[in-house]
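Okay, here's what each chain looks like letter by letter:
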Amino acid sequence: MLIEEIKRQPEPLLREVLHYMKFLARLRAQEEWADVLPGRQVEQEVLDILDSK
C-alpha cells in the first residue's frame, strides 16, 4: 500500500523520497561499520604522524 501511495505522488516528492531512502541506507551502513572503523581522533593522530615524517 505504501509503495502504491508513493507512486501516485508528484515527481519532486518522489525525488525527495528517493534521496531520503538513500540517506537512511548510508546511515545504516555507517552504523554497521562504526564499531570497526577508527574514530576521527585516531584518524587525526595517524595524519599527524604521517605529516611529521
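Residues numbered from 1 in each chain as written. Predicted model: local features only at pLDDT ≥ 70, side-chain atom pairs only at ≥ 80, totals over all residues. Heavy atoms only, no water.

**Some remarks on the overall build of the protein chain**
So, point 1. Scanning the protein chain from N- to C-terminus turns up 3 helices and 0 strands.
So, point 2. In terms of overall size, the protein chain is more extended than a compact globule, its C-alpha atoms giving a radius of gyration of 19 Å where 53 residues would be expected to give roughly 10 Å.
So, point 3. Projecting the C-alpha coordinates of the protein chain onto the three principal axes gives extents of approximately 60 × 20 × 10 Å.
So, point 4. Of all 53 residues assigned to the protein chain, the portion counted as buried reaches 0%.
So, point 5. Of the charged side chains in the protein chain, 8 are positive and 11 negative; the average position of the first set lies 8 Å away from that of the second. (Helix = DSSP H or I, 4+ residues; strand = E, 2+ residues; numbered from the N terminus. Rg over C-alpha atoms; globule rule 2.2 N^0.38 Å. Buried < 20%, exposed > 50% of the residue type's maximum accessible area, 1.4 Å probe, protein only. Lys, Arg positive; Asp, Glu negative; His and termini not counted. Charge placed at Lys NZ, Arg CZ, Asp CG, Glu CD.)

**Brief notes about the pattern of salt bridges**
So, point 1. Per the counting criterion, the structure on display carries 3 salt bridges.
So, point 2. Close ionic contact of E4 with K7 constitutes a salt bridge, the shortest N to O distance being 3.7 Å. In this pair, E4 and K7 both sit in helix α1 (residues 2-7), 3 residues apart, roughly one turn of the helix.
So, point 3. Exposure remark for E4: the relative accessible area of 43% places this residue in the partly exposed category. (Salt bridge = Lys/Arg side-chain N within 4 Å of Asp/Glu carboxyl O.)

**Here's the deal with a nonpolar patch on the surface**
So, point 1. Together, Y20, M21, F23, L24 and L27 give the surface a local cluster of nonpolar side chains, amounting to about 450 Å² of exposed area.
So, point 2. Tracing the backbone through its elements, the reader meets L27 in helix α2 (residues 11-33).
So, point 3. Taking relative accessible area as the criterion, L27 reaches 32% and is therefore assigned partly exposed. (Patch = residues over 30% accessible without salt bridge, like charges linked within 9 Å, V, L, I, M, F, W, Y side chains within 5 Å. Areas by Shrake-Rupley, 256 points an atom, 1.4 Å probe, with all protein chains shown as cover.)

**Brief notes about the confidence of the model for the protein chain**
So, point 1. Scored by pLDDT, the protein chain comes out at a mean of 85, with 91% of its residues at no less than 70.
So, point 2. Model confidence for the protein chain, summarised as mean pLDDT per element, is weakest for helix α3 (residues 40-52) at 82 and strongest for α2 at 89. (pLDDT = per-residue confidence, 0-100.)

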